Each structure stands twice: as C-alpha cells, then as structure tokens.
Amino acid sequence: MLERLQRKASDESAFEAIYDRYWNKLLAIAYNHLRDKQASEEVVQEIFITLWERRSKVEIESLPAYLATAVKFAVFKAIATEKRHQDLISSNYTQETVQWDEPQIHARFLEEYLNTVTESLPEKCRLVFIYSRQQGLVIPDIAREMNISPKTVEAHLSKALKILRLSLKDIQLLMMVALLKEF
C-alpha cells in the first residue's frame, strides 16, 4: 500500500486503505493522551492530510511506526498549544474554576458523542428518536405529530436505536484500547 501511495501517480485507493486501517488506532493513541475526542480527531485528521501532501517526499520504512510517532508529536504540539492558551487566559482573566471528576468527564464525553450520533441520523429517524427519548412521547402520539403510521414510527425508532447501539460499541472499543495503552 505504501509503495502505491508514494508513486508519482498516487493511488488514492491505497491512501483510503491506509486511512481505514489506521484511523481507529491513531485516534485511540491521541485520545489516550488528550482525553478530548474532537481534539484527537483533529490531530489524526491533520496527520493524514500531511501524509497525503508529503506522500512523494517523505521516506517511510515502517508506516505504523511513522504514523504513531507523527500522532505523538502532534499530540505534544496540541498539548503545548493548549497550555499556552490556558496561560494566556489565566494571565488575562480571572475565572471561576470548575472541578470535574472522572465519571463526570466520561459522562459528558458520552453525552456529546451520543448527541453527535443522533444529529447524524436521517431526518425522520432523528425526529422520531427526539420525540420518543428526549420529549417522552409514545408511539401513537409521535405518529399523529409526524402524520405517519405507528409502524413507521416503530421502524424509525428501531433504526435509531440500532445505530446508537453500534456507535456505543465503537466508542466502548476505543475506550478499552485507550485504557489498555495506559497499562
């Protein structure tokens, strides 16, 4: 794959294969250090952008080692940038300090993650889920509100719950990988 990526006439499918193969692993490494999903995704995305832009210039002997090292350097850079940002804030502003314990942080991360997944659902599926789970409406009420059959409401709700369950399994795997890396 690496050879196909580094040719003058780069093979985009090789890049896609590398991206698919290493995205979750690199995200786990970044999240293990940053503990911020969005920042971790930005770091990993930047690594892949740089790899694509420099594909014909950089000499890589071991792609996994190269990518892992690149993520670690990008994480250190992100941490340093955040520290400078926090130093600027603390030197210019006095703010009330809020202390979060570990379960609150994980609950907040999970809530944000679920909101992101919910927002990515197809429109009617998302509306049914919001009516059911966030507004507490029952299936007949949702059917009347949306002017669709109760069976359609059930189908949309089942689809939404299935997508959420699969997404939770993905995040659970990422969290387990991150925890294993700490040992």
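Below, the structure is looked at part by part.

Criteria and cut-off values
Residues numbered from 1 in each chain as written. Predicted model: local features only at pLDDT ≥ 70, side-chain atom pairs only at ≥ 80, totals over all residues. Heavy atoms only, no water. Helix = DSSP H or I, 4+ residues; strand = E, 2+ residues; numbered from the N terminus. Expected span 1.5 Å × (residues − 1). Buried < 20%, exposed > 50% of the residue type's maximum accessible area, 1.4 Å probe, protein only. 1 Å grid on protein atoms, 1.4 Å probe; cavity = no way out; pocket = protein on both sides within 12 Å on 5 of 7 lines; lining within 4 Å. Points joined across faces, edges and corners; volume = space filled by probe spheres on them. Nonpolar A, V, L, I, M, F, W, Y, C, P; charged D, E, K, R; others polar. Salt bridge = Lys/Arg side-chain N within 4 Å of Asp/Glu carboxyl O.

Section: helix α5 (residues 102-119)
Here is step 1: Helix length check: α5 (18 residues) gives 26 Å between terminal C-alpha atoms against 26 Å at 1.5 Å per residue, within 8%.
Here is step 2: Taken together, the buried positions of α5 are occupied by Phe-109, Tyr-113, Val-117 and Thr-118.

Digging into the layout of surface pockets
Here is step 1: Of the pockets and cavities examined, the second largest pocket occupies roughly 330 Å³.
Here is step 2: As for the second largest pocket, its lining consists of 13 residues, and the residues nearest its centre are Val-43, Ala-74, Lys-77, Ala-78 and Ile-79.
Here is step 3: For the lining of the second largest pocket, the element with the most residues is helix α4 (residues 63-92), which contributes seven residues.
Here is step 4: Residues belonging to the lining of the second largest pocket are distributed by class as follows: seven nonpolar, two polar and four charged.

With respect to the pattern of salt bridges
Here is step 1: By the definition in use, this model includes three salt bridges.
Here is step 2: Two residues, Glu-41 and Lys-37, come together in a salt bridge whose shortest N-O distance is 2.8 Å. Pair noted here: Glu-41 and Lys-37 are both in helix α3 (residues 37-53), with a separation of four residues, about one helical turn.
Here is step 3: You can call Glu-41 partly exposed: its relative accessible area is 28%.
Here is step 4: Here Asp-141 and Arg-144 are joined by a salt bridge, their closest N and O atoms 2.3 Å apart.

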